[in-house]
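Coordinates in review
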Amino acid sequence: IFGDVFGGRSRGRTKRGADISVDIRISFEESIFGVEKDITLTKASTCITCDGSGVAPGSGLETCKKCGGKGRYNATRRSFMGMFSTARVCDECHGSGQVPHQKCETCRGSAVVYRKQEITVKIPAGVEDGEMGRLSGMGEAIPHGIPGDLYVRIHVPPHPIFKKEGINLVTELRIKLTSAITGIEHTLKTLDGDIVLRVPEGTNNGDVLRVRGKGVPAGHGRRGDLLVKITVEMPKKLSRNAKKAIDDLRSEGL
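Residues numbered from 1 in each chain as written. Predicted model: local features only at pLDDT ≥ 70, side-chain atom pairs only at ≥ 80, totals over all residues. Heavy atoms only, no water.

Attention now goes to the overall build of the protein. The number of helices and strands found in the protein is three helices and 17 strands. Against the compact-globule benchmark of 18 Å for 254 residues, the protein has a radius of gyration of 33 Å, which places it well outside the compact range. Counting only C-alpha atoms, the protein reaches 110 × 50 × 30 Å along its principal axes. Going through the 254 residues of the protein one by one, you find that 34% of them count as buried. Just so you have it, the protein exposes about 16,100 Å², and 48% of that area is on carbon and sulfur atoms. A gap of 7 Å separates the mean positions of the 40 positive and 30 negative side-chain charges of the protein. (Helix = DSSP H or I, 4+ residues; strand = E, 2+ residues; numbered from the N terminus. Rg over C-alpha atoms; globule rule 2.2 N^0.38 Å. Buried < 20%, exposed > 50% of the residue type's maximum accessible area, 1.4 Å probe, protein only. Areas by Shrake-Rupley, 256 points an atom, 1.4 Å probe, with all protein chains shown as cover. Lys, Arg positive; Asp, Glu negative; His and termini not counted. Charge placed at Lys NZ, Arg CZ, Asp CG, Glu CD.)

With respect to the secondary-structure elements, aspartate 149 resides in the loop between β8 (132-135) and β9 (150-155). Within the local environment of aspartate 149, its side chain forms a polar contact with the side chain of arginine 16, the two groups lying 3.0 Å apart. (Polar contact = N/O pair within 3.5 Å; in protein donor to acceptor, adjacent residues only side chain to side chain.)

Taken as a whole, the largest pocket holds about 310 Å³ of empty space. Counting only elements with at least two residues in the lining of the largest pocket, the list comes to α2 (177-182) and α3 (240-251). In terms of residue count, α3 provides more of the lining of the largest pocket than any other element does, four residues in total. By residue class, the composition of the lining of the largest pocket is nine nonpolar, one polar and two charged. (1 Å grid on protein atoms, 1.4 Å probe; cavity = no way out; pocket = protein on both sides within 12 Å on 5 of 7 lines; lining within 4 Å. Points joined across faces, edges and corners; volume = space filled by probe spheres on them. Nonpolar A, V, L, I, M, F, W, Y, C, P; charged D, E, K, R; others polar.)

Written out as structure tokens, the structure is:
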């Protein structure tokens, strides 16, 4: 589906930013060979000034005064059953026990700012229409937590000539009856450029010719094939001379 294409999700920490989803439209050719796309998102991102620490450049950390460096404090409340005390994560230091001696002026100590961020999405070769990939950690950032993920859904319009079947490409070639009988050399379009395809004599309607190595890249230098389905166009009307020629062929047992 992209940096960390279809990457795994970071786990083990409970505080996590929101996920984001975007749609990207690419051409059929780009879906076959792969492509890199730059997208720009405005989202909560890690502060560049303090590198996500919330501390002003040149400053440092000090013990949180609210929790005394413990990261938690006891909150007492009264109910009809008496006084209750519960331990809570300190909302000043977010459980770390330390706070900036001087807060970053850009993010005001939150470590996160809303800004435009350009992200390069690496779309692999052979991606399918509607396929979704995940870029781990490229979603919304959150103070003192881990960012969410960015989900990218790919849209690929159909091609007027080619269809994708696994790692192979399929196309159709329409030839005349005489070309099927005697054979022909035809200039065929491929995604790699034009090639000369030899249609052997005696080709039947529905035959499939295989052009090796002109399909979808399959990794490690391998590629699928281009399959050319032959359609023989039968004439609807025959001239007198054409009928005579067919009678001559019939007399030869053809």
